[in-house]
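# Geometric and topological summary
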Amino acid sequence: MHISKPVGVLALQGAVSEQIAALEAADCRGIAVKRPEELENLSGLIIPGGESTTIGKLLERYGFLPAIREFAENKPILGTCAGMVLLAQNGLLKLMDICVKRNAFGRQRESFEAGLHIRGWDDSYPAVFIRAPYIEWAGPGVEILAEVDGHPVLARQGHLLACAFHPELTEDSRLLSRFFVPLLP
């Protein structure tokens, strides 16, 4: 698949270089996005894991909120961990019809890896959870794609994708190549 424009990774805080490397493993060109005007020339955007409160304050400080909301009207966004929190109705961007519980699986020391059973996949996916959220509630237009202990951790709503884990911390590029890349214009 040829994607004419790069995919941006919001570069305010969090796992930016790891996300860019994960995009490259999925045959996409990734670039760090530090200013709202850089969104104009992108195929899609990843809001990486990190600290959602810090990322949120920086989104406000640098004027990203209206730009990302406008971007989301017709281009795909993937929110991972903190990005999921920001995309939720109880988060700052309010783009997905989900409500999340922050740090739902515990503190940093309770971080874990799990073989996720993703809807429609034959093999499990190696997911890394670090102070991860989960979805407490999802609206009717949200497709839940994976759960851990009965708690939704991967969801899609149109061209928006949210995961509670860190796909950039594995060598498995399937999440990007099967769910995110097909959404790119």
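Sequence order sets the numbering: in each chain, residues are counted from 1 along the sequence as written. With pLDDT at 70 or above as the cut-off, local features in this predicted model cover only qualifying residues; side-chain atom pairs require 80 or more to be listed or tallied, and sums for whole chains, interfaces and linings still use all residues. As a convention, hydrogens and water are excluded, and side-chain values are obtained from all of the structure's heavy atoms.

Moving on to the sheet that holds strand β10 (residues 151-157). Whether two strands pair comes down to DSSP finding at least two bridges between them. Strands are runs of DSSP state E lasting at least two residues, helices are runs of H or I lasting at least four, and both sets are numbered from the N terminus onward. The seven strands lie next to each other as β2-β1-β3-β4-β11-β10-β9, forming an open sheet whose pairing is mixed. A single partner strand is all that each edge strand has here, and the edge strands are β2 (30-33) and β9 (143-148). Strand-to-strand, the axes of this sheet are offset by a mean angle of 20°, without reference to chain direction. Here four bridges tie β10 to strand β11 (residues 160-163), and the two strands are oriented antiparallel to one another. From the neighbouring strand, arginine 156 faces β11, where its bridge partner is leucine 161. The strands that helix α3 (residues 64-71) touches are β1 (7-10), β2, β3 (44-47) and β4 (77-80); relative to β3, the one it contacts most, it runs at about 130°. To define axes, lines are fitted to C-alpha atoms, for helices over the stretch in contact only, and angles between the resulting N-to-C directions are given on a 0 to 180 degree scale. By definition in these notes, contact holds between two residues if any of their heavy atoms fall within 4.5 Å.

Defined by distance alone, a disulfide is two cysteine sulfur atoms within 2.5 Å. Inspection of every chain in the model, using the stated rule, returns zero disulfides. Cysteine 28 takes part in no disulfide bond, and the closest cysteine sulfur to it belongs to cysteine 163, at a distance of 15 Å. Free of any disulfide, cysteine 99 has its nearest cysteine sulfur in cysteine 81, 16 Å distant. Note on classification: 1.4 Å probe, protein chains only; a residue is buried when its accessible area is under 20% of the maximum for its type, exposed when over 50%, partly exposed between these limits. A relative accessible area of 24% means that cysteine 99 is categorised as partly exposed.

What follows is about the pairing of β4. Residues of β4 alternate between two faces, with Ile77 and Gly79 on one and Leu78 and Thr80 on the opposite face, all of them buried. As judged from the three bridges shared by β3 and β4, these two strands associate in the parallel manner. Note on β4: the bridge partner recorded for leucine 45 is isoleucine 77. Taken together, the four bridges between β4 and β11 define a ladder with parallel strand orientation. When the sheet's bridge partners are listed, threonine 80 is paired in β11 with cysteine 163.

With that settled, consider the environment of isoleucine 47. Position of isoleucine 47 relative to the elements: it lies in strand β3. When its relative accessible area of 0% is taken as the criterion, isoleucine 47 is described as buried. Once the C-alpha coordinates of isoleucine 47 and arginine 102 are considered, the two residues, 55 residues apart in sequence, prove to be 16 Å apart.

What follows deals with the packing of aromatic side chains. When two rings of Phe, Tyr or Trp (its six-membered ring) have centres within 6.5 Å they constitute a pair, described as stacked for plane angles under 30 degrees, edge-to-face for angles over 60, and tilted for the intermediate range. Under the defined criterion, the tally for this structure stands at eight aromatic pairs. Where phenylalanine 105 meets phenylalanine 129, the ring centres are 5.7 Å apart and the plane angle is 65°; that geometry is what we call edge-to-face. Of this pair, phenylalanine 105 sits in the loop between β5 (98-101) and β6 (112-116) while phenylalanine 129 sits in strand β7 (residues 125-129), placing them 24 residues apart in sequence. Both residues of the pair, phenylalanine 105 and phenylalanine 129, belong to the buried class.

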